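# Topology and contacts: notes
Now for the letters of each chain:
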Amino acid sequence: MNIRVIELPLDFGANRRGSDMGPSAMRLAGLKQVLTELGHTCEESFPGISVPAQEFLEEGDPQVRFLKPIAEACTALAERVEQAVDAGAFPLVLGGDHSIAIGTLSGLGAAYRKRNLRWGTLWIDAHGDFNTPESTPSGNIHGMSLAIACGYGHPDLVNLYGKFRKLDPANVALVGVRDLDPLEKVNMREAGVTVFTMTEVDRLGIAETARQLVAFFTSRVDRLHVSVDMDVMDPMIAPGVGIPLPGGFSYREVLLLAEELASSGILASAELVEVNPVLDVRNQTARMAVEIAGRLLGSRVY
Ligand code: ARG
Ligand code: MN
Ligand code: MN
Ligand code: MN
């Protein structure tokens, strides 16, 4: 496969600084070697999208912090993602905080719309990222990106890269969820997304959860995008994230899930976000992210 790696080193969609170094950390952890050893060709989206440091920016509206620079960077990302799909490549997007998904999902939405393809997204995250400017407790856009792609939120972001709904919430599932804000839950129920909380994972086990997720997507869509927020992992394994929350995925759970998704036959793009080297221990969160990418792209023990 032809994989196109697209970086967006942006950290001002979150409160804690440092996830802008995520792409370098994942490269240092050997991302390219892993993918080429699997037999893939690895193209670079070059030159990278340049993002100003938070110090040089105005925060603006406290309910949608750094709206303008995020919209700008996400527009540039959307273009690259759409071009990658047009070129027949597998877009692999490296963040950055999870606000960058606004760009990724907009680019995918545009690319699949013109091809008349049905597509869905699996959001692997401790959080829902389904806040709006009205419901957010923080004003951080990384807590709003999935809602925005589904058509809920600030119009400048919802209409970014075209006035159409990028992603149908009926084709969205979340897994690993263990922290939702009160009004965020209301938003999610109204949109009708499918949620596998950590409680469901505990009840079903990861093998059955993965089976149900694959069945869900293969029965509804032609193309699947997977967005991996590294805070879905247990902080013992992945401490280098902005919002570490106990009770996350184990090393084995996440790799099994990634393998099953790879085997679905519809996986067409992926995104790895919220790796924060400043908070990490010996780059282990980036190394975990690279292992996940490897399994999503065909790596197997035997
Ligand atoms: N729900 C919280 C908020 O809106 C946390 C969001 C965390 N999102 C993330 N991508 N880590 O601020
Ligand atoms: Mn999260
Ligand atoms: Mn919370
Ligand atoms: Mn997230």
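Cut-off values and rules
- Residues numbered from 1 in each chain as written.
- Chains lettered and ligands numbered in written order.
- Predicted model: local features only at pLDDT ≥ 70, side-chain atom pairs only at ≥ 80, totals over all residues.
- Heavy atoms only, no water.
- UniProt positions renumbered as here; feature names shortened; annotations may be inferred.
- Near = heavy atom within 4 Å.
- Polar contact = N/O pair within 3.5 Å; in protein donor to acceptor, adjacent residues only side chain to side chain.
- Areas by Shrake-Rupley, 256 points an atom, 1.4 Å probe, with all protein chains shown as cover.
- Nonpolar A, V, L, I, M, F, W, Y, C, P; charged D, E, K, R; others polar.
- Donors = N, O, S within 2.8 Å, 3.2 Å for Na, K, Ca; no water.
- Helix = DSSP H or I, 4+ residues; strand = E, 2+ residues; numbered from the N terminus.
- Buried < 20%, exposed > 50% of the residue type's maximum accessible area, 1.4 Å probe, protein only.

The name recorded for the protein in an unreviewed UniProt entry is Arginase, from Gracilinema caldarium. We quote the UniProt Catalytic activity (unreviewed entry) comment for the protein here in full: "L-arginine + H2O = urea + L-ornithine".

All right, on to the site of ligand 1 then. With respect to spatial proximity, 13 residues lie near ligand 1, and among them D129, N131, S138, D181 and D231 are the closest. The side chain of D229 places a nitrogen or oxygen atom 3.2 Å from a nitrogen atom of ligand 1. Within the side chain of D231, one N or O atom sits 3.1 Å away from a nitrogen atom of ligand 1. Taking 340 Å² as the accessible area of ligand 1 by itself, protein coverage stands at 94%. Across the shell around ligand 1, the residue classes tally to two nonpolar, six polar and five charged.

Looking now at the coordination of the manganese ion (ligand 4). Looking at the manganese ion (ligand 4), the protein donor atoms are H98 (ND1), D125 (OD), D129 (OD) and D229 (OD), and they sit 2.0 to 2.2 Å from it. Each donor residue of the manganese ion (ligand 4) belongs to the same chain, with the gaps between them written as H-x26-D-x3-D-x99-D. Metal-to-metal, the separation of the manganese ion (ligand 4) and the manganese ion (ligand 2) is 3.2 Å; D125 coordinates the two. In this pair, H98 sits in the loop between strand 3 (90–95) and helix 4 (101–115) while D129 sits in the loop between strand 4 (119–124) and helix 5 (145–149), placing the two residues 31 residues apart along the sequence. The exposure class assigned to H98 is buried, which follows from its relative accessible area of 0%.

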